[in-house]
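# Structural characterization, general
Next come the chains, spelled out residue by residue.
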Amino acid sequence: MSIDTKILSALRTADEGFAPAVELAARLGVTRTALRARVEELRTLGYDIEASPLRGYRLRAAPDKLHADDLLARMGKVKVVGRDIRVFEETTSTSDVVGRLAQDGVKEGVVVFAESQTKGRGRLGRKWTSPAHKGLWFSVLLRPKVSPQAVTQVTITAATALARAIREQTDLKPEIKWPNDILIKGKKVAGILTELHAELDRVRSVILGIGVDVNLTTADFPAELRRLATSLKMEMGKEWPRAELAAGILHELDRNYARLGAGEFEVIADEWADHCTTLDCNVSIRVGPRKIEGRAESLDADGALLVRTEHGHLERVIGGDVTLEK
Ligand code: BTN
């Protein structure tokens, strides 16, 4: 843990808000002069830190910027997701960066955020708009012990965690549209892109790319998406603190990923079903050149959607573009 992470973590958990300088310096193993220098540096990054000669340091406010030390301080102890966090001001796609980390053999759990992406990508080859400082654009490296056929479980696990984090931090009621969209009142607020590196029978790595439209306004979306997309700010009528939401999402992802690893996918699938808008609906799913039409009945044990077609046949669908039919 870096000194800055330790300082921010101590300030966030300090009794009555103040961390006495002598105690803090001793805990960090640095002199008070060195501590003062780090606090100055944090102030230049936008942290509003009060210094009282008698009471010590107090964190009054944090900037709405993503900062790896701050995110790590907010995370505290985690099992896997978020034990290593990196933040870029700009990148092509956070999933490109994580792809390179995966090839270099980096341990699972690393999370890469970018304040903006120049080549953000969505599912089915679509472009993902990622304006600077307005959303959460991040990718997580996972190495789940599931078969390649069961990787949809990871997407379901992530969608459930994402919806739960938004529900717990806001008054909103996010719904999940199979397999990976998070909607509020029918409009998309977040999406997940799961990319897989696998051999025939073994998953080498999964790159979970997550985009959350936090503080975007209508003008930030391309014209063709304005009817279909929304942001937390547009729904809540106020700016939403991104770092707090980011930490909340990573905590829920870590919790759900541990459940998946413990063989508890059924528990996750039950929560997913409670918030899913796709189940019990007539759907039309485009899978490449094919169109599957029928009633979405349930998930199978691998996380695939089971669709009952008009001929009574049960189709197993692991990906595609879903349209809900009346
Ligand atoms: C979708 O709904 O189509 C998935 C969107 C995923 C967007 C995120 S933003 C962070 C990560 N990097 C990317 O290029 N894409 C994902």
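Overview of the structure. Each chain carries its own residue numbering, running from 1 in the written order of its sequence. Where totals are concerned, whole chains, interfaces and linings use all residues; where local detail is concerned, this predicted model gives features only for residues with pLDDT of at least 70, and gives and counts side-chain atom pairs only at 80 or more. The side-chain values count all of the structure's non-hydrogen atoms but skip hydrogen atoms and water molecules.

Strands are runs of DSSP state E lasting at least 2 residues, helices are runs of H or I lasting at least 4, and numbering of each runs from the N terminus. Of regular secondary structure, the chain possesses nine helices and 15 strands. Computation of the radius of gyration draws on C-alpha atoms alone. For the globule rule, the value is 2.2 Å times the number of residues to the power 0.38. Scaling as 2.2 N^0.38, a compact globule of 326 residues should have a C-alpha radius of gyration of about 20 Å, and the chain matches this with 21 Å. Seen along its three principal axes, the alpha-carbon backbone of the chain occupies a region of about 80 × 45 × 35 Å. The cut-offs for exposure are 20% and 50% of the maximum accessible area for each residue type, with area from a 1.4 Å probe on protein chains only; residues under the lower value are buried, those over the upper are exposed, and the others partly exposed. Here the chain holds 326 residues, and 52% of them are scored as buried. A separation of at least 24 residues holds for 62% of the contacts in the chain among residues at least 6 apart in sequence. Entry remark: accessible area of the chain is about 15,700 Å², with carbon and sulfur atoms responsible for 50%. The convention is simple: Lys and Arg are positive, Asp and Glu are negative, and His and the chain ends are not counted. A charged residue contributes its charge at one atom only: NZ of Lys, CZ of Arg, CG of Asp or CD of Glu. A gap of 3 Å separates the mean positions of the 49 positive and 47 negative side-chain charges of the chain. Every residue pair with non-hydrogen atoms within 4.5 Å of one another is taken to be in contact. We get accessible surface area from the Shrake-Rupley algorithm with a probe of 1.4 Å; when it comes to residues, only the shown protein chains can shield them.

The next point concerns the sheet that holds strand β12 (residues 290–299). Judged by pairing direction, the sheet is antiparallel, and its five strands sit side by side in the order β14-β13-β12-β11-β15 without closing on themselves. Edge strands, defined here as strands with exactly one partner in the open sheet, are β14 (314–317) and β15 (321–325). On average, adjacent strands in this sheet sit at an angle of 45 degrees to one another, irrespective of strand direction. DSSP calls a pair of strands paired once it identifies at least 2 bridges connecting them. Note that β12 and strand β13 (residues 305–309) share five bridges and pair antiparallel. Here an angle of 0 to 180 degrees is reported between the N-to-C directions of two axes, which are lines fitted to C-alpha atoms, with helices fitted over the stretch in contact.

Moving on, we come to the site of the ligand. Around the ligand, the structure places 20 residues, and the nearest of them are Ser93, Gln117, Arg121, Arg123 and Lys188. Measuring from a nitrogen atom of the ligand, one finds a side-chain N or O atom of Thr94 at 3.2 Å. Any N or O atom pair separated by 3.5 Å or less is treated as a polar contact, with the protein-specific requirement of one donor-capable and one acceptor-capable atom, and with residues adjacent in sequence counted only for side-chain atom pairs. In this structure, an oxygen atom belonging to the ligand sits 2.7 Å away from a main-chain N or O atom of Arg123. Computed on the free molecule, the ligand has an accessible area of 420 Å², of which 98% lies beneath the protein chains in the complex. For this description, a residue counts as near a given molecule or strand if any of its non-hydrogen atoms is within 4 Å of it.

A word on the packing of helix α1 (residues 3–13) against helix α4 (residues 68–75). One way to put it is that α1 packs onto α4 with a least axis distance of 8 Å and a crossing angle of 45 degrees. One finds that α1 runs oblique with respect to α4. Crossing angle aside, the handedness with which α1 passes α4 is right-handed. Contacts from Asp4, Thr5, Leu8, Ser9 and Arg12 in α1 reach Asp69, Asp70, Leu72, Ala73 and Arg74 in α4. Considering only residue class, the contact of α1 with α4 consists of three nonpolar, two polar and five charged. For classification purposes, an angle smaller than 35 degrees is called roughly parallel, one larger than 145 roughly antiparallel, one from 65 to 115 roughly perpendicular, and anything else oblique. What makes a crossing left-handed is the near helix being turned counterclockwise from the far one by less than a right angle; a clockwise turn instead makes it right-handed. Here the nonpolar group is Ala, Val, Leu, Ile, Met, Phe, Trp, Tyr, Cys and Pro; Asp, Glu, Lys and Arg are the charged ones; every other residue, Gly included, is treated as polar.

Before going further, it helps to spend a moment on the pattern of salt bridges. Any Lys or Arg side-chain nitrogen located within 4 Å of an Asp or Glu carboxyl oxygen qualifies as a salt bridge. Scanning the entire structure with this criterion turns up 28 salt bridges. The partner of Arg12 in a salt bridge is Asp70, with the nearest N and O atoms 2.3 Å apart. With Arg12 in helix α1 and Asp70 in helix α4, this pair connects stretches of sequence that are 58 residues apart. A salt bridge links Asp70 to Arg74; the nearest nitrogen and oxygen atoms lie 3.1 Å apart. Taken together, the residues span about one helical turn, with Asp70 and Arg74 both in helix α4 at a distance of four residues. Three or more residues joined by partner-sharing salt bridges are found here, namely Arg164, Arg167, Glu252, Arg255 and Glu271.

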